[in-house]
Every structure is written in structure tokens, then in C-alpha cells.
Amino acid sequence: MQLLNHLHDALERHLPSIVDEGDRHEALRYLRGLKSVLATKVDTTGSNVIPFDDHLMRRRLERAIAKTHARQIAEARRVYQRAADEFGWHIYDDID
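As the structure is a computational prediction, the values presented were derived from the model and not from experiment.

How each quantity is defined
- Residues numbered from 1 in each chain as written.
- Predicted model: local features only at pLDDT ≥ 70, side-chain atom pairs only at ≥ 80, totals over all residues.
- Heavy atoms only, no water.
- Helix = DSSP H or I, 4+ residues; strand = E, 2+ residues; numbered from the N terminus.
- Buried < 20%, exposed > 50% of the residue type's maximum accessible area, 1.4 Å probe, protein only.
- Contact = heavy atoms within 4.5 Å.
- Areas by Shrake-Rupley, 256 points an atom, 1.4 Å probe, with all protein chains shown as cover.
- Salt bridge = Lys/Arg side-chain N within 4 Å of Asp/Glu carboxyl O.

Student: Looking at this structure, I do not really get the overall build of the protein. What am I missing?
Tutor: For the protein, the count of helices and strands is three helices and zero strands. Along the chain direction, N to C, the helices and strands of the protein fall in the order α-α-α. Across the 96 residues of the protein, 15% fall into the buried class. Residue pairs in contact within the protein that sit at least 24 positions apart in sequence constitute 46% of those at least 6 positions apart. With an accessible surface of roughly 7,800 Å², the protein has 58% of that area assigned to carbon and sulfur atoms.

Student: Could you clarify how one ought to interpret the pattern of salt bridges in this entry?
Tutor: Any two side chains of opposite charge can pair, given that their charged atoms come close. In the structure shown here, the tally under the stated rule is four salt bridges. The salt bridge partner of arginine 78 is glutamate 26, with a shortest N-O separation of 3.9 Å. Taken as a pair, arginine 78 in helix α3 (residues 55–86) and glutamate 26 in helix α2 (residues 21–39) lie far apart in primary sequence, 52 residues in all. The partner of arginine 78 in a salt bridge is glutamate 75, and the shortest N-O contact between them spans 2.6 Å. In this pair, arginine 78 and glutamate 75 are both assigned in helix α3, three residues apart and thus about one turn of the helix distant.

Student: What is the right way to look at the environment of arginine 29 in this model?
Tutor: In this structure, arginine 29 sits in helix α2. Arginine 29 sits 50 residues away from valine 79 along the chain, and the two C-alpha atoms are 9.0 Å apart. Sequence-distant contacts of arginine 29, that is, excluding residues within four places in its chain, are made with Glu75 and Arg78.

Coordinates in, geometry out; function isn't part of it.
Shown next as C-alpha cells:
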């Protein structure tokens, strides 16, 4: 999680210097994805907000959360891979 925090902070600091509208839009999408991932950090010490007495409800919630995380991770991976390809970092092609 610390790496994601660093990426988020660096991108947020760099955002005002991006002048191209397309690049700015791409950076904002990536920043929103990072914010979403960081906002879903789970506090394992606290109590559950939703009572998980109903096992069906629990499975549905877990499935929905897993799908959302998978989409966000896939989007972040796609943006990262595009940036890696653009800079010619072919040694990192095994990141999947």
C-alpha cells in the first residue's frame, strides 16, 4: 500500500504541470483509480459495518468488491503498461 501512496502523491504533485489535455485526462483516470484503491483499504481491527449474518449477502458483497478491484487493477495495469511501452522499458514486459 505504501507504493500506491507514493505513486498517488507523485502523480498529484505532477498533475498541474501536464498541459496536453489528452495526457491530463489519462493522468486523471489513473489518479482516480489510485484514489479508489487507496479508499478501499480494509481495517481488520474494526467491526464490520454490515452485519454478515446472511451468507448470501456476504458472498454477493465480496464478489462485487472483488470485481471492482479487478477492474481497477486492470485499468491501472493497462495505463502503466502503455507508459512502460512509451518509454521503451521492454525489460518490464513480464508485468501481468
